[in-house]
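Read off the chains here:
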Amino acid sequence: MSFSSKVKNEIAKINDKESCCQIAELSALIKMNGTIQILGQNRIGIKLTTENAAIARRIFSLIKNNFDIQTRVSMTKNKQLKKNYSYTLLVDSDAASENILKKLSIMNETAGGYKINYKIPAAIIKNDCCKKAYLRGVFLGGGSISDPEKTYHLELVTSNEIYAEDIKNLINCYGLNAKIVVRKSNFVVYLKEGENIVDFLNIIGAHSALLDLENVRIYKEMRNNVNRIVNCETANLSKTVNAAMRQINNIKYIKESMGLNKLPKNLRDIAEARLLYQDASLKELGETIDPPVGKSGVNHRLRKLDELAEKLRERKFR
């Protein structure tokens, strides 16, 4: 089962007792996933198709509970995916379809007849609970979410630009950062930040999926932190080793060119210590000298030796 299916199966079982929330969710489901059919003799019908049995049951229950209509349900086998079925729900009563579309504010009556409302009806989402229920319906009808093990990405797909803008604005009223991208003939409202997706799942009531995603986020963050620490330590170790090798080579060159006995005592002491303790850190190196020298003092003396070696090489090649 995909992560999207897991989320949808979870939120399709939420028991909303408030009629206003059920109406908001159903309105979003039909806007995202439904089609208005012309059945002949100027009659209209509503058709919804889904491959998710839990969503089909949800739509059936929402229509029955709020309109007392027995929706016709048919099931067909997907020819390409032999194990999958497609569920079609059809309201073919003209009066019933008209009543549903008007009550859900999907279709408004005007002087010239009925007109499709492509916006999210303000009256349906006036309460916060209804806003959350509406977004739940939007996700059930046209949403998907990537497996968090791979990437963080949630999207809601609609064919109408006005509706996409309203969905984006509704999501962003909760402080999220939803954006829209055009993909072929569709408008995709999407979230990419893991934290925003977690907040969205909380809004629509997918708490079990939310915990799964949070567990993955924590694991990935810990793994990334460990990798950063290891990489940092590896880089520092490599830097330390390279510096020590450079210092040793320079000291050996000075020894061969002029001898260490000609160096001032402070430089001679640190040069001999570096040759003797080649793997020691600057701090450890300073502790081998009598009297001990601090890390900055050791670093200063080794720089002097590096500069001296460079001068000796320049003289040789003049």
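Quick note: structure is the one above.
Take the overall build of the protein next. Secondary structure summary: the protein contains 11 helices and 10 strands in total. With the C-alpha coordinates of the protein rotated into their principal frame, the extents come out at 110 × 40 × 40 Å. Expressed as a percentage of the 318 residues in the protein, the buried residues total 42%. A separation of at least 24 residues holds for 62% of the contacts in the protein among residues at least 6 apart in sequence.

Below, the discussion takes up the nonpolar core. Y134, L156, I171 and F200 are the most contacted members of the largest nonpolar core, which has 65 residues in total. Ranked by residues supplied to this core, first place goes to helix 2 (residues 19-33) with eight residues. Discounting chain neighbours no more than four positions away, the residues touching I171 are L135, L156, L176, A178, V189, L191 and F200. In this structure, I251, L260, A280 and V293 belong to the second largest nonpolar core, which totals 18 residues.

Okay, helix 11 (residues 295-316) next. For helix 11, built from 22 residues, the straight-helix expectation of 32 Å at 1.5 Å per residue is met to within 8% by its first-to-last C-alpha distance of 32 Å. Listing the buried residues of helix 11 in full gives V298, R301, L302, L305, D306, A309 and L312. Looking straight down helix 11, one finds that the buried residues subtend no more than 145° of arc, so they occupy a single side. Looking at helix 11, the residues exposed on the side facing more than 90 degrees away from the buried face are S296 and R315.

Judged by side-chain polarity, I36, I116, Y118 and I162 come together as a nonpolar surface patch covering roughly 330 Å² of accessible area. Residue placement: Y118 occurs in the loop between strand 6 (113-116) and helix 5 (128-142).

Omega for the bond connecting D290 with P291 falls within 30 degrees of zero, at -5°, which places this linkage in the cis form. Residue position: P291 is located in the loop between helix 10 (282-287) and helix 11. The phi torsion at S105 lies on the positive side, around 60°, for a residue other than glycine. Looking at the element boundaries, S105 is found in the loop between helix 4 (94-103) and strand 5 (107-110).

It is at 8 Å that the axes of helix 1 (residues 3-11) and helix 8 (residues 207-257) come closest, and there the two elements cross at 145°. Residues F3, K6, V7 and E10 of helix 1 pack against H207, S208, A209, D212 and L213 of helix 8. Residue classes in the contact of helix 1 with helix 8 are distributed as four nonpolar, two polar and three charged.

Here we come to the pattern of salt bridges. Note that side chains of opposite charge can pair when their charged atoms are close. Scanning the entire structure with this criterion turns up 13 salt bridges. Salt-bridge contacts for R183 lead to E155; the nearest nitrogen and oxygen are separated by 2.9 Å. Note that R183 is positioned in strand 9 (residues 179-183) and E155 in strand 8 (residues 154-158), a separation of 28 residues in sequence. When its relative accessible area of 40% is taken as the criterion, R183 is described as partly exposed.

Attention shifts here to a positive patch on the surface. Taken together, the side chains of R303, K304, K311 and R315 define a basic patch exposed on the protein surface. Within the element layout of this structure, K311 appears in helix 11.

As enumerated under the stated definition, the model contains one aromatic pair in all. Ring centres 6.4 Å apart and planes at 55° place the aromatic pair F139 and F200 in the tilted group. Separated by 61 residues along the polypeptide, F139 in helix 5 and F200 in helix 7 (residues 194-204) bring together distant segments of the chain. Judged by its relative accessible area of 0%, F139 falls in the buried class. Look at F200 and you get buried, because its relative accessible area is 0%. We note R313 situated over the ring of Y253; from NZ or CZ to the ring centre the distance is 4.6 Å.

Once that is clear, we can look at helix 9 (residues 265-276). Under the 1.5 Å per step criterion, the end-to-end length of helix 9 is 16 Å for 12 residues, consistent within 8% with the ideal 16 Å. Those residues of helix 9 not exposed but buried are L267, D269, I270, A271, A273 and R274. Among the structural elements, helix 8, helix 10 and helix 11 are those in contact with the buried residues of helix 9.

An order of 7-8-10-9 is seen for the four strands of this open sheet, with the pairing classed as antiparallel. Each having just a single partner strand, strand 7 (143-145) and strand 9 make up the two edges of the open sheet. The mean angle between the axes of side-by-side strands here comes to 25°, regardless of whether they run parallel or antiparallel. Contacting strand 7 and strand 8, helix 5 runs over the sheet at an angle of about 80° to strand 7.

Following both chains from N to C, one finds helix 9 and helix 11 inclined at 95°, their axes separated by 10 Å at the closest point. By the angle between their axes, helix 9 is roughly perpendicular relative to helix 11. Contact residues: helix 9 offers N266, L267, I270 and A271, while helix 11 offers V298, R301, L302, K304 and L305. Tallied by class, the residues present in the contact of helix 9 with helix 11 amount to six nonpolar, one polar and two charged.

Reading the values: rules and limits
- Residues numbered from 1 in each chain as written.
- Predicted model: local features only at pLDDT ≥ 70, side-chain atom pairs only at ≥ 80, totals over all residues.
- Heavy atoms only, no water.
- Helix = DSSP H or I, 4+ residues; strand = E, 2+ residues; numbered from the N terminus.
- Buried < 20%, exposed > 50% of the residue type's maximum accessible area, 1.4 Å probe, protein only.
- Contact = heavy atoms within 4.5 Å.
- Core = buried A, V, L, I, M, F, W, Y, C linked by side-chain atoms within 4.5 Å.
- Expected span 1.5 Å × (residues − 1).
- Arc of directions from axis to C-beta.
- Patch = residues over 30% accessible without salt bridge, like charges linked within 9 Å, V, L, I, M, F, W, Y side chains within 5 Å.
- Areas by Shrake-Rupley, 256 points an atom, 1.4 Å probe, with all protein chains shown as cover.
- Salt bridge = Lys/Arg side-chain N within 4 Å of Asp/Glu carboxyl O.
- Axes fitted to C-alpha atoms, helices over the stretch in contact; angles between N-to-C directions.
- Nonpolar A, V, L, I, M, F, W, Y, C, P; charged D, E, K, R; others polar.
- Lys, Arg positive; Asp, Glu negative; His and termini not counted.
- Charge placed at Lys NZ, Arg CZ, Asp CG, Glu CD.
- Phe/Tyr/Trp six-rings, centres within 6.5 Å; stacked < 30°, edge-to-face > 60°.
- Lys NZ or Arg CZ within 6 Å of the ring centre and 35° of its normal.
- Pairing = 2+ DSSP bridges.
- Parallel < 35°, antiparallel > 145°, perpendicular 65-115°, else oblique.

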